[in-house]
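Structure assessment
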Amino acid sequence: MNTLFKKITDSFMGYTIGTIFQIICGSIIGVIIVSLIVVSYVAFGLNVTNYSNVDVVLSSLPAWVETGASYLSSIGLWVMGLLWFMRKNNRPLYKSIGTYVKGNNIKNFVIGLFVGIVLNGACVLVSLMNKDIVIKYQGFNFIQAFLVLLCVFVQSSGEELICRGYLYQKLLKKYEKPIIAIVGNALLFALLHFSNSGVTILSAINILLAGIVFSLMVYHFDSLWMAMGAHTTWNYLQNIVFGLPNSGIKMRYSIFKLTSARDGIAYTKSFGVEGSLMVTLLFILVIGGVIFLKKNPHTTDIWK
């Protein structure tokens, strides 16, 4: 028993360190990219009074540019992830991104987009009906909204690449029981959100459950693309469309604006939708439904 525990711990440590290394380096690369965007705007005549204060410079950008740049900084996760996959033992991981995996197709990607909209939309709808949140329309510019959507996709898919494209696949290869890969990567996914503003025990549990839901999409539907789609629309709908916090983080740009809020069954002032009891119950229902309906997964073996 002790030998088995040590074997699991050692492997988790190795894979976890590799994952954290990718995230740290990717974040640094992302900061550089955001800085270049800010410098470009300044170079084209942006009126900034205090160049030494990063917050002042960012707040001087148009709201949609600042929001897009914040999400786009996660492109560093893609850069580090793809570089990490170049290591000899990791090269088969490239297969998990492309169409070598049968589940990575347009149909499953669209299903993922739809799932994210339905799940997050249900929580927002309940919050609106209970008057836990009040929002007002600010305006809509298709080009701006679409460009920000692409940036949100970079962020959401980058997290999926690292957690479900790398860590999940490495754990799935190492252990016979898929639950280790499914829950193991979801635990790290939850830990990455511990530093977010307003995080609570319940919100951390919900992030863990979200990680399990995304992992089940990869395991049962053989589709990293589905997880990327669901993650993207979940974040975009609550943060950019409705102006609600995304895991406790609020952006300047949104189509609707949150004018008032209170704690409720589907919303919490400290962390937003993801800190609520409804999300807990919703994710548990989804996890149970997927396991019950998809008993025989057909996961592509990328290590052949």
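One structure accompanies this document, and this report is about it. Please read these numbers as outputs of a predicted model, since none were measured by experiment.

Reading the values: rules and limits
- Residues numbered from 1 in each chain as written.
- Predicted model: local features only at pLDDT ≥ 70, side-chain atom pairs only at ≥ 80, totals over all residues.
- Heavy atoms only, no water.
- Helix = DSSP H or I, 4+ residues; strand = E, 2+ residues; numbered from the N terminus.
- Buried < 20%, exposed > 50% of the residue type's maximum accessible area, 1.4 Å probe, protein only.
- Contact = heavy atoms within 4.5 Å.
- Core = buried A, V, L, I, M, F, W, Y, C linked by side-chain atoms within 4.5 Å.
- Phe/Tyr/Trp six-rings, centres within 6.5 Å; stacked < 30°, edge-to-face > 60°.
- Lys NZ or Arg CZ within 6 Å of the ring centre and 35° of its normal.
- 1 Å grid on protein atoms, 1.4 Å probe; cavity = no way out; pocket = protein on both sides within 12 Å on 5 of 7 lines; lining within 4 Å.
- Points joined across faces, edges and corners; volume = space filled by probe spheres on them.
- Nonpolar A, V, L, I, M, F, W, Y, C, P; charged D, E, K, R; others polar.
- Patch = residues over 30% accessible without salt bridge, like charges linked within 9 Å, V, L, I, M, F, W, Y side chains within 5 Å.
- Areas by Shrake-Rupley, 256 points an atom, 1.4 Å probe, with all protein chains shown as cover.
- Salt bridge = Lys/Arg side-chain N within 4 Å of Asp/Glu carboxyl O.

Scanning the protein chain from terminus to terminus reveals 11 helices and two strands. Starting at the N terminus and walking to the C terminus, you meet the elements of the protein chain as α-α-α-α-α-α-β-α-α-α-α-β-α. When the 304 residues of the protein chain are sorted by exposure, 49% land in the buried category. Long-range contacts, defined here as pairs at least 24 residues apart, represent 75% of the contacts in the protein chain between residues at least 6 apart.

Turning our attention to the nonpolar core. Formed by 70 residues in total, the largest nonpolar core has its most connected members in Ile212, Leu244, Val273 and Phe283. Listing elements by their share of this core, those giving two or more residues are helix H4 (75-84), helix H6 (106-129), strand E1 (133-137), helix H7 (142-174), helix H8 (178-191), helix H9 (201-221), helix H10 (224-241) and helix H11 (277-293). Non-local contacts of Ile212, meaning those with residues more than four positions away in its chain, are made with Ile182, Val183, Ala186 and Ile287.

Right, let's get into the packing of aromatic side chains. Throughout the structure, instances matching the rule amount to eight aromatic pairs. For the ring pair Tyr137 and Phe256, a centre distance of 5.5 Å and an interplane angle of 65 degrees mean the geometry is edge-to-face. In this pair, Tyr137 sits in strand E1 while Phe256 sits in strand E2 (residues 256-261), placing the two residues 119 residues apart along the sequence. Accessibility expressed as a relative area gives 53% for Tyr137, which makes it exposed. A relative accessible area of 25% places Phe256 in the partly exposed class. Ring-pair connections join several aromatic residues into one group, and the members of that group are Tyr137, Phe242 and Phe256. Sitting over the face of the ring of Trp84, Arg87 holds its NZ or CZ atom 4.6 Å from the ring centroid. The ring of Phe189 has Arg164 lying over it, and the distance from NZ or CZ to the ring centre is 4.5 Å.

Time to look at empty space enclosed by the protein. Across all of its chains, the model carries two cavities of 30 Å³ or more by this definition. Lining the largest cavity we find Ser96, Val101, Asn104, Arg164, Gly165, Gln169, Val218, Asp222, Leu224, Thr299, Thr300 and Ile302. Among the elements that take part in the lining of the largest cavity, H7 stands out by supplying three residues, more than any other. Here the residues of the lining of the largest cavity sort into four nonpolar, six polar and two charged. The space that makes up the second largest cavity amounts to roughly 40 Å³. Taken together, Val115, Gly116, Leu119, Val213, Phe214, Met217, Ala230, Trp234 and Phe283 make up the lining of the second largest cavity.

This paragraph deals with the layout of surface pockets. Here the largest pocket is characterised by a volume of approximately 830 Å³. What lines the largest pocket is a set of 32 residues, among which Ser74, Gln155, Glu159, Asn196 and Ile249 lie closest to the centre. Among the elements of the structure, helix H1 (2-43), helix H3 (63-72), H7, H9 and H10 are those that each provide at least two residues to the lining of the largest pocket. For the lining of the largest pocket, a count of residues per class yields 15 nonpolar, 15 polar and two charged. Here the second largest pocket is characterised by a volume of approximately 280 Å³.

Moving on to a nonpolar patch on the surface. Taken together, the side chains of Tyr137, Phe140, Phe142, Ile143, Phe146, Leu147 and Leu150 present a nonpolar region at the surface, about 750 Å² in accessible area. Top element by residues in the nonpolar patch is H7. It accounts for five residues. In this structure, Ile143 sits in helix H7. Residue Ile143 is classed as exposed on the basis of its relative accessible area of 58%.

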